[in-house]
Amino acid sequence: MKNGVFALRVIVLFVAVVGIFGCGAPKNFLVPGEGYMATRQLQMRQYDTKDDTQIVVAVSGVLQDLGFTLAESETELGLISANKSADATSGGQVAAALVLDVLGAVTGSYQNQMGRIDKSQIIKASVIAKPTLDGNRTIVRVTFQRLIWNASDQLSRLESIEDPAVYAKFYEGLSKAIFLEAQQI
Amino acid sequence: MNFLKCFSAFALVTCAALITGCAAPAVNALQTDESSVQLRSVQTRAFDTTDKRKMIQTVIGTMQDLAFVIDKADYTLGTVTGTKFLNNKVVTMTVSVRPRGATQLAVRVNAQYGTSTVEDAETYQGFFTTLEKAIFLTAHQVD
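Residues numbered from 1 in each chain as written. Chains lettered and ligands numbered in written order. Predicted model: local features only at pLDDT ≥ 70, side-chain atom pairs only at ≥ 80, totals over all residues. Heavy atoms only, no water.

### Description of the overall build of chain B
Part 1: When its secondary structure is counted, chain B shows 4 helices and 7 strands.
Part 2: Order of helices (α) and strands (β) in chain B, N terminus to C terminus: α-α-β-α-β-β-β-β-β-α-β.
Part 3: Per-residue burial over chain B gives 43% buried out of 143 residues.
Part 4: If you sum the accessible surface of chain B, you get close to 7,800 Å²; carbon and sulfur atoms cover 59% of it. (Helix = DSSP H or I, 4+ residues; strand = E, 2+ residues; numbered from the N terminus. Buried < 20%, exposed > 50% of the residue type's maximum accessible area, 1.4 Å probe, protein only. Areas by Shrake-Rupley, 256 points an atom, 1.4 Å probe, with all protein chains shown as cover.)

Dropping the structure here:
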């Protein structure tokens, strides 16, 4: 009886351990998250033209104006992706890490918080211009994301940029380049 | 005595976890866990349209809705590749769009989560359900 209980405990523990450290992918991660409609509105604009090639050409110019270098393009699909490197160090983060490191040294432990602060980032933009369903206008969608490396040169974060000002600036440039007003969708 | 029991349980669990561990040797580079035919049917759907351009553009839009960064696309090959981060792991996904017969397009999705191939049918179904809604067409199961 006692042995049975022991075996059961071992099995439960094993299942728990494998559950925690298991290596399978999470399920159902290919469905949109809750806020995707809001994000779409932020990223999309509509232009009153059928000429999507003109828009793609203008997009490449706007991205260059914003300091991006083009990484990939497929004009047949109206797609351009571009990158830009930038400094990601923030004064507050450096100060906090320094305090923690000093405190660690005083109390005799090795913290290396300075190694974990953000150091550099690559901003990725991908833009697609495609006709609307009725074919009379063109929809443009741009996504900005940033990959952040820490001071130990490890990729530490990848996140979407959700700041409306960034998207507004992009569309401001694009509207000027093609002499058309961007319309919210 | 109790301590001994605890210790043996711990040792047993560690051994078991090590044996069933998920690291795969380099020899397995060209292998997948499930039979490739079965996996292909989980990853593929047919749509009643021949408009390849619109399908690829809709795929890109769907991937953007799922927070993927679009890294590459090629119209001739009909492929789109994107990346995203999930739980500190990189998810990469390639979607290919190819003609199927004279009236259909076949869409195939391959996803990788970290170093493992995603083989879960429900996960892929989630993608196709989102794509169906975006393109207003039904995704048909193919054999």
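The discussion continues.
### What about the environment of T103 of chain B?
All names here are of chain B.
Part 1: Relative to the assigned elements, T103 resides in the loop between β4 (89–100) and β5 (104–113).
Part 2: In the structure, T103 is positioned 54 residues away from T49 in sequence and 6.1 Å away in space, judged by C-alpha atoms.
Part 3: Not counting the four nearest positions on each side in its chain, T103 is found in contact with F47, D48, T49 and T50. (Contact = heavy atoms within 4.5 Å.)

### Re helix α4 (residues 91–106) of chain A
All names here are of chain A.
Part 1: Look at α4: 23 Å from first C-alpha to last across 16 residues, which is about the 22 Å you get at 1.5 Å a residue.
Part 2: If you check which residues of α4 are buried, you get A97, D101 and G104. Projected down its long axis, α4 carries its buried residues within an arc of 60°, all on one side. Across from the buried face of α4, at angles greater than 90 degrees, the exposed residues are G91, G92, V99 and V106.
Part 3: Immediately downstream of α4, the backbone of G108 shows phi near 85°, a positive value. (Expected span 1.5 Å × (residues − 1). Arc of directions from axis to C-beta.)

### Quick word on the interface of chain B and chain A
Part 1: The interface is formed by 47 residues belonging to chain B together with 40 residues belonging to chain A.
Part 2: The junction of chain B with chain A conceals about 3,900 Å² of combined surface from both sides, 65% of it contributed by carbon and sulfur atoms.
Part 3: Where chain B touches chain A, the interface holds 5 salt bridges.
Part 4: A salt bridge links D71 of chain B to K124 of chain A, with the shortest nitrogen-to-oxygen separation between them at 2.9 Å.
Part 5: Taken together, the links from chain B to chain A amount to 11 residue pairs in polar contact (both at pLDDT 80 or more).
Part 6: Listed by contribution, the elements that provide at least two residues to the side of chain B that touches chain A are α1 (2–19), α3 (52–65), β2 (69–74), β3 (79–86), β4 and α4 (121–135) of chain B. (Buried area = accessible area lost by both parts, 1.4 Å probe. Salt bridge = Lys/Arg side-chain N within 4 Å of Asp/Glu carboxyl O. Polar contact = N/O pair within 3.5 Å; in protein donor to acceptor, adjacent residues only side chain to side chain.)

### Concerning the pairing of strand β1 (residues 44–47) of chain B
Residue and element names in this part refer to chain B.
Part 1: Residues T44 and A46 point to one face of β1 and R45 and F47 to the other, with burial holding for every one of them.
Part 2: Pairing of β1 with β5, which is carried by 4 bridges, proceeds in the antiparallel orientation. Paired with A46 across the strands is A106, a residue of β5.
Part 3: With 2 bridges joining them, β1 and strand β7 (residues 140–141) adopt antiparallel strand pairing. Bridging across to β7, A46 finds its partner in H140. (Pairing = 2+ DSSP bridges.)

### A few points about the side chain of D120 of chain B
Part 1: By the secondary structure assignment, D120 of chain B is in the loop between β6 (116–117) and α4.
Part 2: When residues no more than four places from it in sequence are discounted, the contact partners of D120 of chain B are K27 and N28 of chain A together with V42 of chain B.

### Some details on the confidence of the model for chain B
Part 1: Mean pLDDT over chain B works out to 84, with 76% of the residues at or above the 70 mark.
Part 2: Across the whole predicted complex the pTM is 0.75, and at the interface the ipTM reaches 0.71. (pLDDT = per-residue confidence, 0-100.)

### Comments concerning the nonpolar core
Part 1: In terms of nonpolar packing, the biggest core is built from 34 residues, with M55, M63, M93 and F127 of chain B touching the most fellow members.
Part 2: Elements supplying a minimum of two residues to this core: α3, β2, β3, β4, β5 and α4 of chain B.
Part 3: For M93 of chain B, the contacting residues outside a window of four places in its chain are L30 of chain A together with M63, F68, V80, T81, G82, V109, N110, A111 and F127 of chain B.
Part 4: Counting residues in hydrophobic clusters, the runner-up holds 24 residues, among them V62, A82, I161 and Y171 of chain A. (Core = buried A, V, L, I, M, F, W, Y, C linked by side-chain atoms within 4.5 Å.)

### Focus on the pattern of salt bridges
Part 1: One pass over the full model with this rule turns up 8 salt bridges over all chains.
Part 2: With a shortest N-O distance of 3.1 Å, K119 of chain A and D153 of chain A are connected by a salt bridge. Of this pair, K119 of chain A sits in strand β4 (residues 118–131) while D153 of chain A sits in the loop between β5 (138–150) and β6 (155–160); the two residues are 34 residues apart in sequence, bridging distant segments of the chain.
Part 3: You can call D153 of chain A exposed: its relative accessible area is 52%.
Part 4: Counted as one network, the salt bridges with shared partners bring together R40 and R141 of chain A together with D65 of chain B.

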